[in-house]
Amino acid sequence: MRLVVHRSQRDVAHAVAQRLVAELEGRPSLVLGLATGRTPIPIYQRLSALAGQGRVDFTRAATFNLDEFWRLPAEHPGSYRAFMARHLFGHVRIPPARIHFLDGMARDAAEECARYERAIAAAGGIDVQILGIGANGHIGFNEPAVALQARTHLATLKPQTRRANATFFGDDATAVPEQALSMGMATILQARSVVLIATGRGKGRAVERMVNGPLTTRLPASFLQVHHDVEVVLDEAAAERLTSAQRGRA
Ligand code: PGA
């Protein structure tokens, strides 16, 4: 894992946005895996601003979002489709046919998950997967458990994860769906490169265990240690528990 520590959340956003701009310049048909949550919002804002200035071109790119709530209409403000429209897709030019989501309203979860795996394969696989990390070490909705799912699947959310998602559900964690469709661990680990972003002190412990701890299904992000191309981009608060050698700032 390559660790990069920036002074602030803003610097993290600028650095990751810049990397994506460079990746898109090198490969306009880039296949991006995208994450939702609080952490990537500043990156999407930055990319939206750059797109407005004509400094990044998404027109030939394709995107696959990591996850989506189960049985939540796409129009609901809490859906990840709505999140992405607000923060990125409403601001950059990307053909709708190249934007891929899991359908939380699909008739059959297993069929929908299999369809998504086929769509990723048909696109040639994911080139760059953006990831956040839960305070409990989850990636996507791969929550700590005795065993993890390899492929895209219907996942059950931990209460802590539902609380973290309550903003668009009237701050009521019980209104957050209990289940979501999520890429699995192997789906994520098959991305050619991974950029994991964590900001804020609340992520410090999960980051430290992801980087230094044993591989364990109790901290799903620890499996990223076996991937050959992972960049972990942190602000100082999220890097607090790492050694000073590991923190050596960007
Ligand atoms: P957050 O979520 O960016 O809202 O902290 C990250 C995650 O749970 O993966």
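Relevant structure appears above.
Residues numbered from 1 in each chain as written. Predicted model: local features only at pLDDT ≥ 70, side-chain atom pairs only at ≥ 80, totals over all residues. Heavy atoms only, no water.

Q: Explain the overall build of the protein here, please?
A: A count of helices and strands for the protein gives eight helices and ten strands. At 17 Å, the protein has a C-alpha radius of gyration in line with the 18 Å of a compact globule built from 250 residues. For the protein, the proportion of its 250 residues judged to be buried stands at 53%. Contacts in the protein between residues far apart in sequence, at least 24 positions, make up 78% of those at least 6 positions apart. Carbon together with sulfur atoms contributes 50% to the accessible area of the protein, which is approximately 11000 Å² in total. A gap of 3 Å separates the mean positions of the 30 positive and 23 negative side-chain charges of the protein. (Helix = DSSP H or I, 4+ residues; strand = E, 2+ residues; numbered from the N terminus. Rg over C-alpha atoms; globule rule 2.2 N^0.38 Å. Buried < 20%, exposed > 50% of the residue type's maximum accessible area, 1.4 Å probe, protein only. Contact = heavy atoms within 4.5 Å. Areas by Shrake-Rupley, 256 points an atom, 1.4 Å probe, with all protein chains shown as cover. Lys, Arg positive; Asp, Glu negative; His and termini not counted. Charge placed at Lys NZ, Arg CZ, Asp CG, Glu CD.)

Q: Got a minute to help me understand the environment of Phe-223 in this structure?
A: In this fold, Phe-223 is placed in the loop between α7 (204-212) and β10 (230-235). Expressed as a C-alpha distance, the spacing of Phe-223 and Met-185, which sit 38 residues apart in the sequence, is 8.2 Å. Contact partners of Phe-223, with chain neighbours within four places excluded, come to Leu-148, Met-185, Leu-189, Leu-215, Thr-216 and Thr-217.

Q: It is not clear to me how the pairing of strand β8 (residues 179-182) should be interpreted in this structure. Could you clarify?
A: Side-chain positions along a regular strand alternate between the two faces of the sheet. With three bridges joining them, strand β4 (residues 67-69) and β8 adopt antiparallel strand pairing. Of the residues in β8, the one forming a bridge with Phe-69 is Ala-180. As judged from the four bridges shared by strand β7 (residues 153-156) and β8, these two strands associate in the antiparallel manner. Its bridge partner lying in β8, Ala-155 is registered against Ala-180. (Pairing = 2+ DSSP bridges.)

Q: Quick question: what am I supposed to make of the sheet that holds strand β2 (residues 31-34) here?
A: Read from one edge to the other, the open sheet built from seven strands follows the order β1-β10-β9-β6-β2-β3-β5, with strand pairing classed as parallel. A single partner strand is all that each edge strand has here, and the edge strands are β1 (2-6) and β5 (99-100). Those strands touched by helix α1 (residues 9-26) are β1, β2, β6 (128-131), β9 (193-198) and β10, and its axis lies near 150° from that of β10. (Axes fitted to C-alpha atoms, helices over the stretch in contact; angles between N-to-C directions.)

Q: Help me understand the packing of helix α2 (residues 41-52) against helix α3 (residues 80-89), please; the structure alone is not making it clear to me.
A: The packing of two helices is summarised by the inter-axis angle and the distance between the axes. Viewed as axis vectors pointing N to C, α2 and α3 meet at an angle of 45°, and their least axial separation amounts to 8 Å. Considering their axes alone, α2 and α3 lie oblique with respect to each other. On α3, the residues that touch Ile-41, Tyr-44, Gln-45, Leu-47 and Ser-48 of α2 are Phe-83, Met-84, His-87 and Leu-88. (Parallel < 35°, antiparallel > 145°, perpendicular 65-115°, else oblique.)

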